[in-house]
Amino acid sequence: MDSSEKQGHSIFLDNISLTIKIAAIMLILGATLLIVLSHIHENTMKEIFNAQLHKQLESQGRENRQMFDDYFLGYQHSVGALANTYDLIAYVKKASWDGGKPARTDDEHEIPPWLPKASVLKFYVGFDYAMLYDIEGRLRGVYNATDEPLPAEFTDLAQLRLYPGQSYMKRFDMAGYVLASKDVKDADGSKMAVLVIAHRINNDLLTDAMGPLSVENTVALAGAKDHTIMASNKPDLMQNVKTVETLKDKFIFGGKHFLDYGEDEVHLMLVSLISLDEVKDLRANVLSGNLGFNTITAVALILSFIVIMLYITMRIRRLDGYVADVSKRHLGLKPIESKGGDQLRLLEQRFHRLFDEIIESKSQLEKRASDMERINGELKEATGQLIQSAKLSALGELTAGIAHELNQPLNGIKIVCQSVIKDIQKNRHNPDELETDLTDIVEQVDKMAAIIDHMRIFTRRTEGMNTELIDINTVVEGPFKLLGQQLKINGINVIKNLTPDLPRFRGDMIRLEQVFINLITNAKNAMKNDPKTDQNTDEKTDKTLKVSTYLTDNSDLPSCPVAIVAEVEDNGTGIPESIRDKIFQPFFTTNDPGKGTGLGLSVSKKIIDEHGGKISVRSDAGGATIFKVTLPVTDDKP
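Basis of the calculations
Residues numbered from 1 in each chain as written. Predicted model: local features only at pLDDT ≥ 70, side-chain atom pairs only at ≥ 80, totals over all residues. Heavy atoms only, no water. Helix = DSSP H or I, 4+ residues; strand = E, 2+ residues; numbered from the N terminus. Buried < 20%, exposed > 50% of the residue type's maximum accessible area, 1.4 Å probe, protein only. Contact = heavy atoms within 4.5 Å. Areas by Shrake-Rupley, 256 points an atom, 1.4 Å probe, with all protein chains shown as cover. Core = buried A, V, L, I, M, F, W, Y, C linked by side-chain atoms within 4.5 Å. Phe/Tyr/Trp six-rings, centres within 6.5 Å; stacked < 30°, edge-to-face > 60°. Expected span 1.5 Å × (residues − 1). Polar contact = N/O pair within 3.5 Å; in protein donor to acceptor, adjacent residues only side chain to side chain. Salt bridge = Lys/Arg side-chain N within 4 Å of Asp/Glu carboxyl O.

1. Some remarks on the overall build of the protein chain
Here's step 1: When helices and strands are counted, the protein chain shows 14 helices and 18 strands.
Here's step 2: Put simply, the protein chain has 638 residues, and 39% of those count as buried.
Here's step 3: In the protein chain, the share of contacts with a sequence separation of at least 24, taken over all contacts with a separation of at least 6, comes to 67%.
Here's step 4: Of the roughly 37200 Å² of accessible surface on the protein chain, a fraction of 54% belongs to carbon and sulfur atoms.

Pasting the structure below:
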């Protein structure tokens, strides 16, 4: 087929509706599936059927063996019950057996007086013979329930080689018997006689042993060595059958449970059987039902596939329309005209065009992402500069206070030096007093050095967060080294409620100190020109700045219920509700022009956010203002 023929064939297939294609494919697949499934299912069902059949035979064999064992033990129970009857014991006590004279057997087919009546005997296990022996082992009484004469071996107890209280299987003259014996004793426990019951191993014995099961199940007793069949509960089915092996043409058999009762040579096996005719009929019924089931299944699958594919076709049409609409409205692609035929082929073409456009858009997005990454780096640099600017701005606002902090120790040094000079000029200096004065000077110099060192660390430029395990109380105390003198000059009373031994957390000491410098500075400015007046006495009240730290187990941090809280509270002018939502915005300030940058609270919020915490405010116009900083507790060890 040349290229033109191939192209014509492809166009012909594309013009056929997808629904028709799918229906044809489903019919072909359904027919093939029916044939394959029928073959596989038939073989599988045969294997399962045979396995279940043999399993059932084994199970039935175990059940049959249990029933036979129970029936066999019934002989011992029956002979025990009969040996203890009042009539038997009384009969033996009154019996006057004449030496070695043999017992009369002309009435052996009648129930003797030492056995219960027939209406009572039916409740005992069935037996063919009942023999009563004296203590010497001589036969003294016989009950024969068969038409056969009493076997000669039963005339002498010694020949039976029985142990009282046990059941046995024995063979005499090629015939097997079940035997059970029991001593007849008087009230003192002295042995007076021996009672023996016996049943020939025949069809009647097996039928009685199997009970109601004999109606549904076929069971046979055979010799364990030569497999010769000795008895069956359905003898009419086994006519002219001599051994177990000859049953394989008519029966399936299993459950060959061996029976060994006693110490004699009688060893039997109990065989469970099922007729091959029954197996064939049952298998035919199963396979015919299986064929019908496979047919129904194949038809149901075909119909299900057709319905599913019709639904898929409908969804493909909707998707095709959606792709065409998106390509036209958002990408400006002219849609491919639909003239019927294979909708999946048309959708494939649309997707090819769409993906080509997406690949082109992806390359543009990657270029934009690169530009955004560069801009983000520049933004980080600008943020660092902004934080540094906020530090310097705050330091500028603190200049006057720092000058006072340094001026106080300088004045002290000057006074001490002037005093020392006067003492030297008047030649009245004392070495001890001089040492004290010089010590005071050193202390004042150390104080100024600490202030200058704190300023140097605070203004140091850092590119990123320098985290360490820190104590919140240390962070809160730091700003007062720079602001303490300003607060005193403005008449502000400082109250510190710092909870000791709070858990340490991981953070940047300098950045967090910047936050509290901003909050304390704002509080100072709020109270600087706002003298409080008691409404009842018209007297000015103290300006108060309160700083508190504590641990809470009910924080508003979603990832950390246990958190450290630091609060800065002032009783200044308060924050009006109208601007409360704007105070954390960059460059927003209520100060006069030239007296603030508006970056303090904005930078403070960014620093707290970087630490995974939260900053909030509660305030009323003319009332107290409380800034609350919540920081997560870390599990790190120092």
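2. A look at the nonpolar core
Here's step 1: Counting residues in each nonpolar core, the largest one holds 37 residues, and the members touching the most others are F68, Y75, V184, I197 and L221.
Here's step 2: For this core, the secondary structure elements donating two or more residues are α2 (18-83), α3 (86-94), β1 (129-134), β4 (175-185), β5 (191-200), α6 (203-210), β6 (218-223) and β9 (268-275).
Here's step 3: The leading source of residues in this core is α2, at seven residues.
Here's step 4: Ranked by size, the runner-up nonpolar core spans 35 residues in total, among them V515, L519, I520 and I615.

3. Re the packing of aromatic side chains
Here's step 1: All chains considered together, the criterion is met by four aromatic pairs.
Here's step 2: Considering the side-chain rings of F127 and Y143, the 6.5 Å spacing of their centres and the 85° angle between planes classify their relative orientation as edge-to-face. In this pair, F127 is assigned in the loop between α4 (118-121) and β1 and Y143 in strand β2 (residues 139-144), connecting sequence segments 16 residues apart. An identical accessibility class is assigned to F127 and Y143; each is buried.
Here's step 3: With centroids separated by 5.7 Å and ring planes inclined at 70°, the aromatic side chains of Y129 and F154 adopt a geometry described as edge-to-face.

4. Things to note about helix α14 (residues 600-610)
Here's step 1: Buried residues of α14: L601, S602, V603, S604, I607 and I608, and no others.
Here's step 2: In the segment just after α14, G612 is the residue with positive phi, at about 75°.

5. Points about unusual backbone geometry
Here's step 1: If you check the backbone angles, R161 has positive phi at about 50° while not being a glycine.
Here's step 2: Its location among the elements puts R161 in the loop between α5 (157-160) and β3 (167-172).
Here's step 3: Although it is not a glycine, D501 adopts a positive phi angle of roughly 55°.
Here's step 4: Here D501 lies in the loop between β11 (492-498) and β12 (505-507).
Here's step 5: Given the relative accessible area of 77%, D501 is considered exposed.

6. Brief notes about helix α13 (residues 509-528)
Here's step 1: Taking 1.5 Å as the rise per residue, α13 with 20 residues should run 28 Å; its terminal C-alpha atoms sit 28 Å apart, in good agreement.
Here's step 2: Judged by how many residues are buried, α13 sits mostly within the fold: 16 of 20 residues are covered.
Here's step 3: The residue sitting at the N-terminus of α13 and contributing the capping side-chain oxygen is D508; that oxygen lies 3.2 Å from the backbone nitrogen of I510.

7. Things to note about the pattern of salt bridges
Here's step 1: Throughout the structure, instances matching the rule amount to 10 salt bridges.
Here's step 2: Residues K605 and D609 are paired through a salt bridge, measuring 3.1 Å at the closest nitrogen-oxygen approach. With K605 and D609 both in helix α14 and four residues apart, the pair spans about one turn of that helix.
Here's step 3: A network of salt bridges, in which partner residues are shared, links D508, R511, K606 and E610.

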